[in-house]
Structures are given as C-alpha cells and as structure tokens.
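# Residue-level structure breakdown
For reference, the chains in residue letters:
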Amino acid sequence: KAGVTQTPRYLIKTRGQQVTLSCSPISGHRSVSWYQQTPGQGLQFLFEYFSETQRNKGNFPGRFSGRQFSNSRSEMNVSTLELGDSALYLCASGPRGGPYNEQFFGPGTRLTVL
Amino acid sequence: GNSVTQMEGPVTLSEEAFLTINCTYTATGYPSLFWYVQYPGEGLQLLLKATKADDKGSNKGFEATYRKETTSFHLEKGSVQVSDSAVYFCALSGSSSNTGKLIFGQGTTLQVKP
C-alpha cells in the first residue's frame, strides 16, 4: 500500500507570495492533519480534517488555511508569505481520526521563503 | 495546557549500549502516547504507542511503558545500533477531546558510534 505522498517536495518562494501544498493520504484513510516543523519551534499542529470537515485548528494566523476533498486528499495554503514561514510542512493521515489511532506521516514539503 | 517534555540531546552512545530517552507529559484526562522517529531528510515514522495506563508499546527492540503515576513514557532499547541514529519525538493526543491532534516534545537526537 502506498504511503502518504506530498507534493511538491521542495519549494522556494519570495515574501508576499502565496503557496499551495498538496497531500494524498494512504488509500482508505479519511483523516488528514498538517504540522509545521522548524528548528526553533519544533513540531506544531496546523489543522486536522476528517471527511472534508475541519475538526481542529492550531494557533496559526489566518494566512494559513486548508481544505480536504471528497477523495480525502488535502491542500494547505499560505498567503502573503513571511520569512518565518520557512519550514518543513508535514502531512499525516489516519484511518479513522481520533486520539487513539496512529497517524502516518509523509516525507514533507520543504518551503523556503526568501 | 497539555505539553510534552523530553530530555535534552544529543545523546551519544556506542553501538550495543543501553538507551533511555526520558519523556514526561502534562495532560488532562487520559491521553494516548506515542514515540515517533525521524531519519535525516524524511518524515516521521511511528515507532510505538500506548493508549492507556500501564500499557507497554514495543517495536524493533524499542519499548516504552505508559506510567500515569509519574506521567512518563520513557523510551528504552537494550542494544542500540548505528542505524538507530535519528531524532526521536515523544507525543500525546486526545487527552480531553476527540481529535487526533498530536502534541510533540522538542525531540532528542541520538547518535550511535560504531
């Protein structure tokens, strides 16, 4: 079974631009979550989606948004990029969502903002 | 709020040495606890999990026991290998809500020398 895939793997943008990252979960998984990983802040939760509904949202500004499609694929968008948005963005999928189920992570998208 | 604290790294060991990485948590309710591992340039891989007090998670020679009385979930391995060199993250989810949001510790880098 194929794992979680994320595209693109690497992105370079300039301040003020916007970016869209994509995540395809493991087949059959209905839950998708996004995390930001930086050396200074570590791993921080962005969003969680289940069956196209946002179930939970982390403490990030409104420039960060996401959505989930009917096939469980998910996208996240960051508008008006800032230098501090440079990070590894990780997507994770799970079969049912909820606190007791493991999540499987993709390889991440490395975003560099210049 | 909920939080996870891990021992500072890096931890440097010789091959076949005994490994302990300490993890303690603060949470309301009854969270699930996880250990994830991240190899260079990759996403996170689930190493093991425990969903209730006194549960022992184990995988690939690694073990961790959910200790509610000490709010701990220390990771152990009896004999480490060079291939175990990676960053290890302790995480919790679901302490007081029905979401899969993961709260991570800051990560502990393990270096194993031949």
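Basis of the calculations
Residues numbered from 1 in each chain as written. Chains lettered and ligands numbered in written order. Predicted model: local features only at pLDDT ≥ 70, side-chain atom pairs only at ≥ 80, totals over all residues. Heavy atoms only, no water. Buried < 20%, exposed > 50% of the residue type's maximum accessible area, 1.4 Å probe, protein only. Helix = DSSP H or I, 4+ residues; strand = E, 2+ residues; numbered from the N terminus. Pairing = 2+ DSSP bridges. Core = buried A, V, L, I, M, F, W, Y, C linked by side-chain atoms within 4.5 Å. Contact = heavy atoms within 4.5 Å. Polar contact = N/O pair within 3.5 Å; in protein donor to acceptor, adjacent residues only side chain to side chain. Axes fitted to C-alpha atoms, helices over the stretch in contact; angles between N-to-C directions.

### Let's talk about the pairing of strand β11 (residues 109-113) of chain A
All names here are of chain A. Only one face of β11 is buried, namely the one carrying Thr109, Leu111 and Val113, since none of Arg110 and Thr112 on the opposite face is buried. Relative to β11, strand β2 (residues 10-13) runs parallel, the two being bridged by four bridges. Bridge pairing links lysine 13 to valine 113 in β11. As paired strands, strand β9 (residues 87-94) and β11 are joined by three bridges and run antiparallel to one another. Each residue of the ladder has a partner; that of tyrosine 89, found in β11, is threonine 109.

### Focus on the nonpolar core
Core analysis: the largest hydrophobic core is formed by 26 residues, its most contacted members being Leu19, Trp35, Leu48, Phe73, Leu75 and Tyr88 of chain B. Broken down by secondary-structure element, the contributors of at least two residues to this core are β2 (11-14), β3 (19-21), β4 (23-26), β5 (32-38), β6 (44-50), β8 (62-65), β10 (86-93) and β12 (108-113) of chain B. If one sorts the elements of this core by residue count, β10 of chain B sits on top with four residues. Look past the residues within four positions of leucine 48 of chain B in its chain and what remains in contact with it is Leu33, Phe34, Trp35, Gly57, Ser58, Asn59, Phe62, Glu63, Ala64, Phe73 and Leu75 of chain B. Ranked by size, the runner-up nonpolar core spans 21 residues in total, among them Val4, Phe60, Met76 and Leu111 of chain A.

### Considerations on the side chain of glutamine 38 of chain B
Looking at the secondary structure, you find glutamine 38 of chain B in strand β5. Polar side-chain contacts of glutamine 38 of chain B include one of 3.0 Å to the backbone oxygen of glutamate 42 of chain B. In this structure glutamine 38 of chain B touches Gln37 and Leu88 of chain A together with Gly43, Leu44, Ala86, Val87 and Phe89 of chain B, once residues within four positions along its chain are discounted.

### A word on the sheet that holds strand β8 (residues 74-78) of chain A
As a general point, the strands of a sheet are linked pairwise by backbone hydrogen bonds and lie either parallel or antiparallel. Residue and element names in this part refer to chain A. With antiparallel pairing, the four strands of this open sheet are ordered in space as β1-β3-β8-β7. Each end of this open sheet is capped by a strand with a single partner; those strands are β1 (5-7) and β7 (64-68). Strand after strand, the sheet turns through a mean of 15° between neighbouring axes, direction not considered. Bridge count for strand β3 (residues 19-24) against β8 is five bridges, and the pairing is antiparallel. Across the sheet, the residue bridging to valine 19 is valine 78, located in β8.

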